[in-house]
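Residue-level structure breakdown
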Amino acid sequence: MYQSKTSRGDSPVSIIGAGIAGAWQALVFAQAGHPVTLHERSDATMNLATSHWAGGMLAPYCESEVAEPIISRLGLRSLDLWRKELPDTPFNGSLVVALARERNDFERFARMTSGHERLDAGGLAALEPSLEGRFRDALFFANEGHVEPRRVLPKLHERIIAAGGIVKFGSEVSVEELDGIVIDCRGLGAREDEPELRGVKGEMILIETSEVKLARPVRLIHPRWPLYVIPREDNLFMLGATTIEAEDWGVSLRSALELLGAAYAVHPAFAEARILEFGSGLRPAFPDNLPRITIRNNKVAVNGLYRHGFLIAPALAELTLAYVERGQLDNEVMRCA
Ligand SMILES: Cc1cc2nc3c(=O)[nH]c(=O)nc-3n(C[C@H](O)[C@H](O)[C@H](O)COP(=O)(O)OP(=O)(O)OC[C@H]3O[C@@H](n4cnc5c(N)ncnc54)[C@H](O)[C@@H]3O)c2cc1C
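A brief report on the enclosed structure follows. The model shown is predicted, which means the values in this text are computed figures rather than measured ones.

Direction vectors running N to C along helix α1 (residues 20-31) and helix α3 (residues 69-85) enclose 65°, while the axes themselves pass 13 Å from each other. Crossing geometry of α1 relative to α3 is assigned as left-handed. Contacts from I20, W24, L27 and Q31 in α1 reach L81, W82 and E85 in α3. Considered class by class, the residues forming the contact of α1 with α3 number five nonpolar, one polar and one charged.

Right, dumping it as structure tokens:
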């Protein structure tokens, strides 16, 4: 535990990295009354952050198909924190559909997950009129949500300032040069200090069309990775995401075919959509693909959020605060180095 001789509100807290992990840490500490400074090396566009490329799905039930139980635990708690902090977050659920040839995998997905109800074709059309006649049935995960990363990060940064924190863009700093409590949320930028950290590439495509209307993310069962279409404001849709053990950048032709094919399978009218952007980000991951809060006296590193940064960042921030203020340890996530 950080041994402060002063009252908790007097201990300066520096957070490095304003991606989704650092933004939530800064917000939670600022709201708890700590004098917070958030340092970010990129400018306010945040285009050096993996978070800039993310889908922003808050989907603990769907992710439980492949993720460890700890992701569900942190994810479910985070849903509450998102709801409390940003009540306008769309919590209108998500849908899972499959082509006839992926029927077995669809049934397996249904068995491996909870928190869903099965809709017939009519039920699906009632929720998403654009999908009328497209699929025989669907799984509806009513309690899931989604955020738009490029809109929600600035919102969180604004709220940090409203809570009395300072956000410094264009500020590249090291853990060693900062005094007081330091929370290191550099993602892959921390690799020199975290040799086990690796980047797992995720590719995405942004398209625009007014021909299809969706209110919530739609996942299409795919033999290799979960492909999804996420509606954004202004007739935009994000198509994501591959999961590739590589650290290069850009979108391969094969991935582009699969992502665009998924959109076309969800609705043929996507064929007329305009492609606005191909992009990729590297998800920071430890060998077990699980998040870690590593404690080195008054330096705390929060990293390895892998595919789940938006889903679990709020709960990780709450755990970090509980450690700093009360010495409370969470053995599943925390390590003392
Ligand atoms: C295509 C794709 C889709 C995804 N979809 C989802 C999804 O739907 N739901 C979900 O929950 N997750 C999703 N993810 C995963 C999610 O994006 C990551 O888990 C998350 O972005 C990791 O956040 P982070 O804050 O740890 O790292 P980052 O977002 O990379 O933030 C780290 C920040 O630290 C800054 N930094 C580094 N070094 C320094 C320094 N020395 N000084 C100052 N600043 C520094 C960087 O510039 C960066 O802004 C997706 C990822 C990808 C690539």
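Past the structure itself, the notes keep going.
What follows deals with the site of the ligand. By nearness alone, 36 residues border the ligand, and E40, R41, S51, V173 and Y306 come closest of all. The contact in question runs from an oxygen atom of the ligand to an N or O atom on the side chain of R41, over 2.8 Å. In this structure, an oxygen atom belonging to the ligand sits 3.1 Å away from a main-chain N or O atom of G56. About the coverage of the ligand: the protein hides 97% of its 1000 Å² of free accessible area. When contributions to the shell around the ligand are tallied by element, the ones reaching two or more residues are α1, β2 (36-40), β14 (274-285) and α8 (309-326). Per-element tally for the shell around the ligand: the top contributor is α8, with three residues. Considered class by class, the residues forming the shell around the ligand number 17 nonpolar, 13 polar and six charged.

Within the structure shown, the criterion is met by three aromatic pairs. Aromatic pair F109 and F141: ring centres 6.2 Å apart, planes at 90°, arrangement edge-to-face. Of this pair, F109 sits in helix α4 (residues 103-112) while F141 sits in strand β6 (residues 137-141), and the two are 32 residues apart along the sequence. Like F109, the residue F141 is buried in the burial classification. In this arrangement the basic side chain of R134 is found over the ring face of F135, its NZ or CZ atom lying 5.9 Å from the centre.

Attention now moves to the sheet that holds strand β12 (residues 227-231). With mixed pairing, the eight strands of this open sheet are ordered in space as β5-β6-β4-β11-β12-β13-β10-β14. At either margin of the open sheet sits one strand with a lone partner, and together these are β5 (117-120) and β14. Going across the sheet, the axis of each strand differs from the next one's by a mean of 25°, ignoring polarity. Sheet topology note: the strand β10 (residues 198-208)/strand β13 (residues 236-240) ladder contains four bridges and is antiparallel. Residue pairing in the sheet places I205 in a bridge with L239 of β13.

A word on the sheet that holds strand β16 (residues 299-303). Strands sit in the order β8-β2-β1-β9-β16-β15-β17 across an open sheet of seven strands; the sheet is mixed. Edge strands, defined here as strands with exactly one partner in the open sheet, are β8 (166-169) and β17 (334-336). Taking the axes of each pair of neighbouring strands and ignoring which way they run, one obtains an average angle of 20° across the sheet. Sheet topology places β2 next to β8; four bridges connect them, and they run parallel. In the sheet register, T37 faces β8, and the bridge partner there is I166. Across the sheet, α1 touches β1 (13-16), β2, β9 (181-184) and β16, and the angle it forms with β2 is around 165°.

What counts and what doesn't
Residues numbered from 1 in each chain as written. Predicted model: local features only at pLDDT ≥ 70, side-chain atom pairs only at ≥ 80, totals over all residues. Heavy atoms only, no water. Axes fitted to C-alpha atoms, helices over the stretch in contact; angles between N-to-C directions. Helix = DSSP H or I, 4+ residues; strand = E, 2+ residues; numbered from the N terminus. Left-handed = near helix turned anticlockwise from the far one by under 90°. Contact = heavy atoms within 4.5 Å. Nonpolar A, V, L, I, M, F, W, Y, C, P; charged D, E, K, R; others polar. Near = heavy atom within 4 Å. Polar contact = N/O pair within 3.5 Å; in protein donor to acceptor, adjacent residues only side chain to side chain. Areas by Shrake-Rupley, 256 points an atom, 1.4 Å probe, with all protein chains shown as cover. Phe/Tyr/Trp six-rings, centres within 6.5 Å; stacked < 30°, edge-to-face > 60°. Buried < 20%, exposed > 50% of the residue type's maximum accessible area, 1.4 Å probe, protein only. Lys NZ or Arg CZ within 6 Å of the ring centre and 35° of its normal. Pairing = 2+ DSSP bridges.

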